[in-house]
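Residues per chain, in single letters:
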Amino acid sequence: MSDHPRDRFDLVPDVEAEIAFLDALSRERLHHAWLLCGPEGRGKATFAHRAARRLLGAAPDPSRGPLGARPDDPVSRLVSAQSHPDLLSLERMVEGGRTKRSISVDQARDLPEFFSKSPARAGRRVAIIDAADDLNANAANAILKTLEEPPPSGVLLLVCHAPGRLISTLRSRCRRLTFRPWSEAAVAGLLREQAGLDAASAAAVAASAGGSPGAALAAVGEEARATDTLTRRWVEAPGPLDRSERLAVQTSLRGPEAPARFEAVMTHLAGAVRDRALAGGTGAPAWADLWSRLNDWPDRAAGLNLDRGEVLASALNDLERTKARAC
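Computed from a predicted structure; not experimentally measured.

Visitor: Any chance you could explain the pairing of strand β1 (residues 33-37) here in plain terms?
Guide: Regular strands show a simple pattern: their side chains alternate between the two faces of the sheet. Most of β1 is tucked away, with five of its five residues classed as buried. Two strands pair when backbone bridges link them, and β1 and strand β7 (residues 175-178) are joined in this way by four bridges, in the parallel orientation. Paired with leucine 35 across the strands is arginine 176, a residue of β7.

As structure tokens, this is what we get:
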């Protein structure tokens, strides 16, 4: 996806999750902290901003799903401009063109001050942490202190790719919403509607997206076609891969666009390997095994907070070993 989650209005990540959130809100049983769980690319950050707009008073737009709001609503405009006084968003900072590896304790300490103030425009104050996996140990403890003393009229939305990595005391103080994988048919429909793909192309991309709408949308467009060409050349070319080209791609997996770039490269690489396995031949079992392993790498990278460039390097080393065995 090219848009930031705060700017997405027509993507409904999980209808059941939105209904559950609205049910708690309508019955005035809204929990003060929500843990939004599921692998990267399931739309959790998009949900967080959709929920924030509703909590901050944006007028509902049912045509855009249960938590839908119009882009031209004044609240929506303030959220998109990152200027709503009752919304705080914590994510890894970018300095010198590079994204830091974690959310710092200094950032986490902004929460108590933020929640100590009365709402300026809305009836609530809302904070989004994207993602809780990126909190360093001290930052996680600082967040825990806020959860131990729930702020009045405050709601905290924590995007989380691997909840098992969080400290148990933090998890226990949140209500969990789990975002399920989309069906291939639903992903294909999204691609037809939002990316303008024909049915065959949409089905092919959906098959390799692993139920992730984010990964699917990241896999289309001019840059995606270039990535697809590159990864298919890696799979089909005989012998070792070009080392300088590998290094260039690994280096590109840094900065604010790195997560989407990583998802796109891994999705296209898995798709190319899948097609190679389905082509049959004596090496098909080795290619099928590699395809299975590649599908696990993005979740492992998120769960263990691994360096994306190193993950790609490991995947390409595995590719070269598979090519040698399959010959």
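Visitor: What is the right way to look at the sheet that holds β1 in this model?
Guide: Working definition: the strands of a sheet are paired by backbone hydrogen bonds and lie parallel or antiparallel to each other. Pairing in this open sheet of five strands is parallel, and the strands run β2-β5-β6-β1-β7 from one edge to the other. Sheet topology places β2 (87-90) and β7 at the edges, where each strand pairs with a single neighbour. Each adjacent strand pair in this sheet contributes to an overall mean axis angle of 15 degrees, direction not counted. Bridge analysis of β2 against strand β5 (residues 125-130) gives four bridges, and the strand direction is parallel. Looking at the pairing, serine 89 lines up with isoleucine 128 of β5. Together, β1, β6 (154-160) and β7 form the strand contacts of helix α1 (residues 15-26), whose direction differs from that of β7 by roughly 155 degrees.

Visitor: Teacher, can you tell me more about the side chain of arginine 42 here?
Guide: In this structure, arginine 42 sits in the loop between β1 and α2 (44-55). From its side chain, arginine 42 meets the backbone oxygen of phenylalanine 179 in a polar contact 2.9 Å long. Residues within four places of arginine 42 in sequence aside, it is in contact with Pro13, Phe179, Arg180, Pro181, Gly210, Gly211, Ser212 and Pro213.

Visitor: Help me out: how do you make sense of the environment of glutamate 320 in this one?
Guide: You can see glutamate 320 is positioned in helix α15 (residues 308-326). Owing to a relative accessible area of 16%, glutamate 320 belongs among the buried residues under this scheme. Here the alpha-carbon distance between glutamate 320 and valine 235, two residues 85 residues apart in the chain, equals 8.6 Å. Aside from chain neighbours lying at most four places away, what touches glutamate 320 is Pro240, Leu241, Arg243 and Arg246. Within the local environment of glutamate 320, its side chain forms a polar contact with the backbone nitrogen of leucine 241, the two atoms lying 2.8 Å apart.

Visitor: Explain the environment of glutamate 28 to me, please; I cannot follow it from the model alone.
Guide: Inspection of the secondary structure puts glutamate 28 in the loop between α1 and β1. Residues glutamate 28 and glycine 210, spaced 182 residues apart in sequence, show a C-alpha to C-alpha distance of 36 Å.

Visitor: What exactly am I supposed to notice about helix α11 (residues 222-236) here?
Guide: Residues spaced three or four apart along an α-helix point in a common direction, a consequence of the helix completing one turn every 3.6 residues. Between its first and last C-alpha, α11 extends 21 Å over 15 residues, near the 21 Å set by a 1.5 Å rise per residue. Residues of α11 that are buried include every one of Ala224, Thr227, Leu230, Thr231, Trp234 and Val235, and no others. End-on, the buried residues of α11 take up no more than an arc of 135 degrees, which puts them together on one face. Across from the buried face of α11, at angles greater than 90 degrees, the exposed residues are Glu222, Arg225, Thr229 and Glu236.

Visitor: Can you walk me through the pairing of β5 in this structure?
Guide: Burial runs high along β5: five of the six residues are buried. One ladder, built from six bridges, connects β5 with β6; its direction is parallel. When the sheet's bridge partners are listed, aspartate 130 is paired in β6 with valine 159.

Visitor: It is not clear to me how the packing of aromatic side chains should be interpreted in this structure. Could you clarify?
Guide: Pairs of aromatic rings are described using the distance from one ring centre to the other and the angle between the two planes. Inspection of the entire model under this criterion finds four aromatic pairs. A centroid spacing of 5.8 Å and a plane angle of 90 degrees characterise the contact between phenylalanine 21 and phenylalanine 47, whose relative ring orientation is edge-to-face. Here the residue phenylalanine 21 occupies a position in helix α1, and phenylalanine 47 occupies one in helix α2, the gap between them amounting to 26 residues. For phenylalanine 21, a relative accessible area of 0% corresponds to the buried category. Since its relative accessible area comes to 0%, phenylalanine 47 is described here as buried. Three or more aromatic residues joined by ring pairs make a cluster, and in this case those are Phe21, Trp34, Phe47 and Phe179. Positioned above the aromatic ring of phenylalanine 9, the side-chain terminus of arginine 53 is 4.1 Å from the ring centre.

Visitor: Honestly, the packing of helix α13 (residues 258-278) against α15 in this entry has me stumped. Any pointers?
Guide: Axes are the key here: two packed helices are described by the angle between their axes and the distance separating the axes. Remark: α13 packs on α15, axes separated minimally by 11 Å, with the N-to-C direction vectors making an angle of 10 degrees. Comparing the axis directions of α13 and α15 gives the class roughly parallel. Residue-level contacts link Ala258, Pro259, Phe262, Val265, Met266 and Leu269 of α13 to Arg308, Val311, Leu312, Ala315, Leu316 and Leu319 of α15. For the contact of α13 with α15, the per-class residue count stands at eleven nonpolar, no polar and one charged.

Visitor: Just checking my understanding: could you explain α1 for this structure?
Guide: In a regular helix each residue adds 1.5 Å, so twelve residues correspond to 16 Å; α1 covers 16 Å between its end C-alpha atoms and thus fits that length. Considered for burial, the residues of α1 that qualify are Ala17, Glu18, Phe21, Leu22, Ala24 and Leu25. For α1, the angular spread of buried residues about the axis comes to 160 degrees, placing them on one side. The exposed residues of α1 that point more than 90 degrees off its buried face are Glu16 and Ser26.

Cut-off values and rules
- Residues numbered from 1 in each chain as written.
- Predicted model: local features only at pLDDT ≥ 70, side-chain atom pairs only at ≥ 80, totals over all residues.
- Heavy atoms only, no water.
- Buried < 20%, exposed > 50% of the residue type's maximum accessible area, 1.4 Å probe, protein only.
- Helix = DSSP H or I, 4+ residues; strand = E, 2+ residues; numbered from the N terminus.
- Pairing = 2+ DSSP bridges.
- Axes fitted to C-alpha atoms, helices over the stretch in contact; angles between N-to-C directions.
- Contact = heavy atoms within 4.5 Å.
- Polar contact = N/O pair within 3.5 Å; in protein donor to acceptor, adjacent residues only side chain to side chain.
- Expected span 1.5 Å × (residues − 1).
- Arc of directions from axis to C-beta.
- Phe/Tyr/Trp six-rings, centres within 6.5 Å; stacked < 30°, edge-to-face > 60°.
- Lys NZ or Arg CZ within 6 Å of the ring centre and 35° of its normal.
- Parallel < 35°, antiparallel > 145°, perpendicular 65-115°, else oblique.
- Nonpolar A, V, L, I, M, F, W, Y, C, P; charged D, E, K, R; others polar.

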